[in-house]
Amino acid sequence: MKTLLNIIWHIPFLGFLWALVDAIIGCIWCITIVGLPIGLGLLQFSKFLLSPFSRAMVNQSDVHTMKQTEQNQLWKGFSLIVRILYFPIGLLGALSALGTIVVEFISILGIPCGIVWAKSLSTIFNPVNKVCVSRNVYEEIEKVKKEKEIAQFKK
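Computed from a predicted structure; not experimentally measured.

Caption draft 1: Up close: the overall build of the protein. Scanning the protein for helices and strands turns up seven helices and two strands. For the protein, the succession of helices and strands along the chain, N to C, is α-α-α-β-α-α-α-β-α. Relative to a compact globule of 155 residues, whose C-alpha radius of gyration would be 15 Å, the protein shows 17 Å and is just as compact. Considering only C-alpha atoms, the protein reaches an extent of 45 × 40 × 20 Å along its principal axes. Every one of the 155 residues in the protein was classed for burial, and the buried ones make up 37%. Summed over all atoms, the accessible surface of the protein reaches about 9,500 Å², with 71% contributed by carbon and sulfur. Considering the protein, the positive charge centre built from 15 side chains and the negative charge centre built from 9 side chains are found 2 Å apart.

Caption draft 2: Structural detail: the pairing of strand β2 (residues 130–134). The element β2 is largely enclosed, with a buried count of four among its five residues. As paired elements, strand β1 (residues 55–59) and β2 share five bridges and run antiparallel to each other. Opposite N59, over in β2, you have K130 as the bridge partner.

Caption draft 3: Structural view of a nonpolar patch on the surface. Together, L14, F16, L17, L20, I24, I28, I31 and L50 make up a nonpolar patch on the protein surface, roughly 770 Å² of accessible area in all. A per-element tally of the nonpolar patch places helix α2 (residues 15–31) first, with six residues. Its location among the elements puts I31 in helix α2. Looking at I31, the relative accessible area reads 68%, which means it is exposed.

Caption draft 4: A look at helix α5 (residues 73–104). In this model α5 runs just 41 Å from its N-terminal to its C-terminal C-alpha over 32 residues, more than 12% under the 46 Å that 1.5 Å per residue would give. Taking the largest bend as the criterion, α5 deviates by roughly 55°, centred on F87, and proline P88 comes between one and four positions later. Every buried residue belonging to α5 is among S79, V82, Y86, G90, G93, A94, A97, I101 and E104, and all of these are buried. For α5, the secondary structure elements touched by its buried residues are α2, α3 (36–50) and α6 (111–125).

Caption draft 5: Local environment of the side chain of N126. Structurally, the position occupied by N126 is in the loop between α6 and β2. Of note is the side chain of N126, whose polar atom sits 3.4 Å from the side chain of R83.

Caption draft 6: Expanded view of the packing of aromatic side chains. Scanning all chains against the criterion turns up six aromatic pairs. Ring geometry for F45 against F48: centres 6.1 Å apart, planes inclined by 20°, an arrangement best described as stacked. Residue F45 and its partner F48 are located together in helix α3, separated by three residues, close to a single helical turn. Neither F45 nor F48 differs from the other in exposure class; each is buried. With a centroid separation of 6.0 Å and 55° between ring planes, the pair formed by W75 and F78 is classed as tilted. With W75 and F78 both in helix α5, this residue pair falls three residues apart, about one helical turn. Owing to a relative accessible area of 25%, W75 belongs among the partly exposed residues under this scheme. Of the aromatic side chains, those joined through ring pairs into one cluster are W9, W18 and W117.

Caption draft 7: Just unusual backbone geometry, in detail. Phi is positive for N129, which is not a glycine, with a value near 60°. Examined against the element boundaries, N129 turns out to sit in the loop between α6 and β2.

Reading the values: rules and limits
Residues numbered from 1 in each chain as written. Predicted model: local features only at pLDDT ≥ 70, side-chain atom pairs only at ≥ 80, totals over all residues. Heavy atoms only, no water. Helix = DSSP H or I, 4+ residues; strand = E, 2+ residues; numbered from the N terminus. Rg over C-alpha atoms; globule rule 2.2 N^0.38 Å. Buried < 20%, exposed > 50% of the residue type's maximum accessible area, 1.4 Å probe, protein only. Areas by Shrake-Rupley, 256 points an atom, 1.4 Å probe, with all protein chains shown as cover. Lys, Arg positive; Asp, Glu negative; His and termini not counted. Charge placed at Lys NZ, Arg CZ, Asp CG, Glu CD. Pairing = 2+ DSSP bridges. Patch = residues over 30% accessible without salt bridge, like charges linked within 9 Å, V, L, I, M, F, W, Y side chains within 5 Å. Salt bridge = Lys/Arg side-chain N within 4 Å of Asp/Glu carboxyl O. Expected span 1.5 Å × (residues − 1). Bend = angle between axes of the 7 residues up to and from the residue. Contact = heavy atoms within 4.5 Å. Polar contact = N/O pair within 3.5 Å; in protein donor to acceptor, adjacent residues only side chain to side chain. Phe/Tyr/Trp six-rings, centres within 6.5 Å; stacked < 30°, edge-to-face > 60°.

So this is what it looks like as structure tokens:
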């Protein structure tokens, strides 16, 4: 089913072109030092757009939690500053994606594409420190989060 949905995303809705556009924009952001966290996030987002029903976008902190490593504190601080500077651009991108979702949910064939954009809203709004992972890794991250939440509740 995931393969069929990925094909529908690419054939009538040109998903591979969206991935290419995001990759190019990500490379442009990576040219500047200030835009590096945004560019890396957009490159991960373009990777997600190549097979959106088989992958998921997660925060890099969740991946570090799974690997039991720490993210560099300097990078975290720099990413916070860039996230604040990117806020107006991200807000415009998220609003335009929201409009696209509404238009695509009008037709039955557009619903899978609308679902992709709905899953992408948080990344479009804030691509900083986002990583594209397979669906299995995503499910394992969610499982670990739930276990931690349950453990905190039991205390």
